[in-house]
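# Report on the structure
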Amino acid sequence: RASGELPEVLRSVTPAQATHADEFYDILLLGGSVLHKSWGSVEIELREQLANIGRRNVRIFNLAAPAHTSRDSWLKYAALRNARFDLVIFYHGINEARVNNAPPDVFREDYSHYSWYEAVNTLASYHGTAFLALPYTLRYLAISARHKLGKDQYIPTYVIRKEWLKHGRESRSAASFKQNLSAILDLASQRGDQMLLMSFATYVPENYSREAFNKKQLDYTLHRAPLEWWGMRDHVLTTVAIHNEIVRNFARRYRNVLFVDQANLIPGSGRYFNDPCHFTALASNEFVKNIVTSLGQQQPMSLVQ
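Remember, it's a predicted structure, so these values are computed and weren't measured experimentally. (Residues numbered from 1 in each chain as written. Predicted model: local features only at pLDDT ≥ 70, side-chain atom pairs only at ≥ 80, totals over all residues. Heavy atoms only, no water.)

## A word on helix α10 (residues 281-297)
Compared with an ideal rise of 1.5 Å per residue, which puts 17 residues at 24 Å, α10 spans 25 Å between its outermost C-alpha atoms and is within 8% of the ideal. Buried within α10 we find A283, S284, F287, V288, N290, I291, V292, S294 and L295. (Helix = DSSP H or I, 4+ residues; strand = E, 2+ residues; numbered from the N terminus. Expected span 1.5 Å × (residues − 1). Buried < 20%, exposed > 50% of the residue type's maximum accessible area, 1.4 Å probe, protein only.)

## What about the sheet that holds strand β4 (residues 195-198)?
Judged by pairing direction, the sheet is parallel, and its 5 strands sit side by side in the order β2-β1-β3-β4-β5 without closing on themselves. Among the strands making up the open sheet, the edge pair consists of β2 (58-62) and β5 (258-260). Taking the axes of each pair of neighbouring strands and ignoring which way they run, one obtains an average angle of 20° across the sheet. Both strand β3 (residues 87-91) and β4 contribute to a ladder of 3 bridges, which runs parallel. By the bridge assignment, F90 is partnered in β4 with L197. Its contacts with the sheet place α10 against β1 (25-31), β3, β4 and β5, and it is angled at close to 150° to β5. (Pairing = 2+ DSSP bridges. Axes fitted to C-alpha atoms, helices over the stretch in contact; angles between N-to-C directions. Contact = heavy atoms within 4.5 Å.)

## Some details on the packing of aromatic side chains
Scanning the model with the defined rule gives 16 aromatic pairs in all. The interplanar angle of 70° and the centroid separation of 5.9 Å between the aromatic rings of F213 and Y220 together place this pair among those described as edge-to-face. For F213, a relative accessible area of 4% puts it in the buried group. Given the relative accessible area of 3%, Y220 is considered buried. Aromatic side chains F279 and F287 sit 5.1 Å apart centroid to centroid with 45° between the ring planes, which places their arrangement in the tilted category. Grouping aromatic residues by their ring pairs yields a cluster made of Y91, F200, Y203, Y208, F213, Y220, F273, F279 and F287. A cation over a ring is seen here: R172 above F107, with NZ or CZ 5.1 Å from the ring centre. A cation sits over an aromatic face here: R191 above Y77, 4.6 Å from the ring centre. (Phe/Tyr/Trp six-rings, centres within 6.5 Å; stacked < 30°, edge-to-face > 60°. Lys NZ or Arg CZ within 6 Å of the ring centre and 35° of its normal.)

Here's what the structure looks like:
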């Protein structure tokens, strides 16, 4: 995550660009690397398949980013105060498994035990209200100093502590995931933005091991990201399943929220996955086809809980 990347992305989405009051069909993508153009072709597939059914006046605002979680998506969506979208697509599930790899006394529901989130949570309050850079800068410097002095109280940015991996068995992220998604749905309802929720698709072959992955001996197509980036196998898959059930429950509770059960629609095969969650071109095509089918079955409407 490059510092400064997020504000630049947010500045690119203006009310003049994203609004209900024009001829364009504006789509906002909220998710992690699966939706990011560096890790797959979902965005271009979405644009092409919508064009194929005659919807050519589409603008896609892709705020998905590698390693981002539902909390990032909530903060980004909240920061887009005056922008309005015809469709907001939410696709999260696996990245939050990583935040569970911390002792109970270290874990925080706002994920501030992860150094990235302590900074984001603190500085998010300045968005749209800070006219002077000095207070913002001073708080950022204070947070950076705290990270350096108390490294044992944070999940490292790139490598999970081996001694903390055992704690990933507790899916403590579930409460946070539920809260973040609820906040996004409430904002969408207030703004009149149509939401599309999806369960998160994964594939981990029975013979998976890190050694086999490193040697590219599994049936994955490219072997891009090992499962160990997120934690231990059973812990990660259990957490994703819990997050998916939360998504399904929200889809049942909110009227007029579109839902696509990608976890059950994308085949579990190396032809469709480059690793536990990133898609091949074939899977990206199927993933988007499922979205377009859902859009064709229901007319976009405002949210009513």
